[in-house]
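# Coordinates in review
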Amino acid sequence: MSKNGIFYIGIENKSDIEKIVSEKKTIYLNYTKFGVDESRLFQKEILSINSSFDIFIVVSVSSFTYEAQNSLLKILEELPDNISLVLLVSSFTNILPTVLSRAEILLNVKDSNLKDEIKFIESNYTKRLSQISKLCDAKKYDDYASMKHNVLHFVFSIKNNYRGKMNPDLANLFISTISYLQKDGVSTKVIMEHFALI
């Protein structure tokens, strides 16, 4: 979450944001590519908004460079308290952990009713390992990318349940877990077994 305004991030799906935005006070922006130049222009536009009303800026991004994501961190530091930024992306897997760690993650309620996530939080380490084995069972998915997306979704759901109770060590564990899950050539199951230590 940003220091001033609120920062949300979600998978590009309008139904995910309808619960938090008001049509009358919402600005929708679409970018095919969001690079450093677009980020700088976007920063100027946000800082030039002069309104006493609460405003939601919904930004849909198809391609989001790492450089632009780093410059987005600066935007979040200067986000006015009456502006909430909603970033919609096609997948969480290409978003930097430092960006994800500052966001409230919007999850599609149809994809998860949080029952499994709450069970994970309340379980001991042995039961968590059993749950991870089922979650990371490759036979349940069409491809590896689908499994990785589902596991990231699971981690974000747990992160949201810890909102307000996050100490620095726990926050770092979420950031490192998300970072490792985004890398190629690493075992999702091994990463999640380490994550089970929360």
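Residue numbers restart at each chain and count upward from 1, following the sequence in its written direction. For a predicted model such as this one, the threshold for reporting local features is a pLDDT of at least 70, and the threshold for listing and counting side-chain atom pairs is 80 or more; totals across whole chains, interfaces and linings nevertheless cover every residue. In computing side-chain properties, one takes all heavy atoms of the structure into account and sets aside hydrogens as well as water.

## So, a positive patch on the surface
The grouping of Lys-115, Lys-119, Lys-127, Lys-134 and Lys-140 at the surface amounts to a positive patch. Counting from the N terminus, the helices are DSSP H or I runs at least four residues long and the strands are E runs at least two residues long. Those elements that provide at least two residues to the positive patch are α5 (115–122) and α6 (125–135). Looking at the element boundaries, Lys-134 is found in helix α6. A residue counts toward a patch only above 30% relative accessible area and without a salt bridge, and it is joined to like-charged neighbours within 9 Å or, for Val, Leu, Ile, Met, Phe, Trp and Tyr, to nonpolar neighbours within 5 Å. Accessibility throughout is a Shrake-Rupley quantity obtained with a 1.4 Å probe, and a residue counts as covered only by protein chains that appear here. By definition here, a salt bridge exists when the distance from a side-chain nitrogen of Lys or Arg to a carboxyl oxygen of Asp or Glu is within 4 Å. For the charge count, each Lys or Arg is scored as positive and each Asp or Glu as negative, with His and the chain ends excluded. Charged groups are reduced to one reference atom each: NZ for lysine, CZ for arginine, CG for aspartic acid, CD for glutamic acid.

## Concerning the environment of Ser-101
Checked against the element boundaries, Ser-101 lands in the loop between α4 (97–100) and β5 (104–106). Partly exposed describes any residue whose relative accessible area lies between the buried limit of under 20% and the exposed limit of over 50%, with all areas from a 1.4 Å probe on protein chains only and scaled to the type maximum. Judged by its relative accessible area of 27%, Ser-101 is partly exposed. In this structure, the C-alpha to C-alpha distance between Ser-101 and Ile-175, residues 74 residues apart in sequence, is 6.2 Å.

## A word on the pattern of salt bridges
All chains considered together, the criterion is met by two salt bridges. With its nearest N and O atoms 4.0 Å apart, the salt bridge here joins Lys-33 to Glu-38. On the accessibility criterion, Glu-38 (23% relative accessible area) is partly exposed.

## What to know about the packing of aromatic side chains
Paired rings are identified among Phe, Tyr and Trp, the last through its six-membered ring, by centres lying within 6.5 Å, and are further divided according to the angle between planes into stacked (under 30 degrees), edge-to-face (over 60) and tilted (the rest). Within this structure, the stated rule accounts for six aromatic pairs. Between Phe-120 and Phe-195, the aromatic rings sit 5.9 Å apart at their centres with planes inclined by 10°, giving stacked as the arrangement. Taken together, the residues Phe-120 in helix α5 and Phe-195 in helix α9 (residues 188–195) connect sequence positions 75 residues apart. When sorted by exposure, Phe-120 lands in the same class as Phe-195, which is buried. Positioned above the aromatic ring of Phe-120, the side-chain terminus of Arg-128 is 5.1 Å from the ring centre. Charge-over-ring contacts are defined here by two conditions on Lys NZ or Arg CZ: a distance within 6 Å of the ring centre and an angle within 35 degrees of the ring normal.

## Describing empty space enclosed by the protein
Here a cavity is any set of points on a 1 Å grid over the protein atoms alone where a 1.4 Å probe fits but cannot get out, and a pocket is any open set with protein on both sides within 12 Å along at least 5 of 7 lines; a residue lines the site when it has an atom within 4 Å of a point. Grid points are joined across faces, edges and corners, and a volume is the space filled by probe spheres set on the points. On inspection of all chains with the given rule, the structure shows one cavity of 30 Å³ or more. Looking at the largest cavity, its volume works out to about 40 Å³. Around the largest cavity, the lining residues are Phe-34, Phe-42, Val-59, Phe-64, Leu-72, Leu-85 and Leu-87. Secondary-structure elements contributing two or more residues to the lining of the largest cavity are β3 (55–64) and β4 (83–89).

In short, geometric facts, not functional conclusions.
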